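Structure at a glance
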Amino acid sequence: MRVSLAQFLAAVAALVVLIGLVLAACTPSHPQSTFDASGPVAGMERNVFYWIFWAAVFVFVTVGGVLVYTFVRFRNGEGIPRQVHGNRRLEIAWTLAPAVVLAVVAVPMLLTLFRVSSPPAGEVAVNVKVVAHQWWWEVQYPDLDIVTANELHIPVGRVVDVTLTSNDVIHSFWVPKLGGKIDVIPTRTTSIWLKADKSGTYFGQCAEFCGISHGNMRFRVIAKPQAEFDAWAEAQRGPAAQVTGEAERGAQLFVAKGCLACHTIRGTLAMGKIGPDLTHVGGRTTIAAGLLDNTPEDLARWLRDPPEVKPGANMPNLKLSGEEVSALVAYLQALK
Ligand code: CUA
């Protein structure tokens, strides 16, 4: 088939438009964009990505350029050079050139791999243990005697060493802006380190398909100045707040309805280990593994029918009355 230059250029133009449309979905301002790195691990990973990307662009443009030139130059089948068999100089060249490109890619990649694999020696400020569950994240600070869920508070500018394991299936822990993605595997321990360059809330999520609510398994990393972190830790260590009035009725319902079998609220009878520790749940920004804001309305919606909000959730629909829901909401919101 003869292809005219105009037809060929039209095909190229169509391809460019298509690529443009696809790339329009990319934006650096997305809350989970790795390109807008906020920590050294994410920064190193972004740099190695760009390095490999431009190496690939170089190869693409070189090979594609020669190919396009050949198509255009010989499109009419005229003037094609005589075919030859074997050319030692060319063969050496096209063996060496890819080897050089691979070396250019491999060296920075391996250096980055080593650097992100373990935290800088002697710089770990906080140790965190994360236990993944279907479908939420248990967050423990063994040295600080804190247990919380779905929110990882860290001091800004300090190295945080996170060790992870799973209670059930394989999950994956990922905070794109801070960097790294690490599988969380039952019976094994994996680790990752994080450091946030500036205060803020960073969005994380499970990145390994782990069942029906995999997409609902989110979490937040909240980085704040050391003094604020210390104050937060101090408050988290204390027992649950004393409550009165409607909240106190909620506390009684928490026992009567059996919530205590799955949840812990330190300083009360509730010592269950199946669901998240709720000792200070009122102080969290979200509930249900980052699915809902921690507002009275959203909390009520969750209590009325958990599996409706998070399909497959272990927390059952207790068929609570409106009054019971309000009392429980008052109680849980009071647990700052
Ligand atoms: Cu946990 Cu996907």
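Quick notes on the rules
Residues numbered from 1 in each chain as written. Predicted model: local features only at pLDDT ≥ 70, side-chain atom pairs only at ≥ 80, totals over all residues. Heavy atoms only, no water. Helix = DSSP H or I, 4+ residues; strand = E, 2+ residues; numbered from the N terminus. Buried < 20%, exposed > 50% of the residue type's maximum accessible area, 1.4 Å probe, protein only. Contact = heavy atoms within 4.5 Å. Pairing = 2+ DSSP bridges. Axes fitted to C-alpha atoms, helices over the stretch in contact; angles between N-to-C directions.

Relative to the assigned elements, Gln333 resides in helix α8 (residues 322-334). For Gln333, a relative accessible area of 16% gives the class buried. Setting aside residues no more than four positions away along its own chain, Gln333 makes contact with Gly282, Asn294, Thr295, Pro296 and Leu299.

Tracing the sequence through the fold places His263 in the loop between α5 (246-256) and β11 (286-287). If sequence neighbours within four positions are ignored, His263 has contacts with Phe254, Ala270, Met271, Gly272, Gly275, Pro276, Leu278 and Met315.

The next thing to look at is the sheet that holds strand β3 (residues 146-149). As summarised here, the arrangement of the five strands in space is β3-β2-β1-β5-β8, forming an open sheet in which the pairing is mixed. Across the chains shown, the open sheet's two edge strands, defined by having one partner strand only, are β3 and β8 (190-194). Mean inter-strand twist for the sheet, computed between neighbouring axes without regard to direction, equals 25°. Alignment of strand β1 (residues 124-133) against strand β2 (residues 136-141), held across five bridges, turns out to be antiparallel. Paired with Val130 across the strands is Val139, a residue of β2. Seen against the sheet, helix α4 (residues 226-237) touches β1, β2 and β3 and runs at an angle of roughly 95° to β3.

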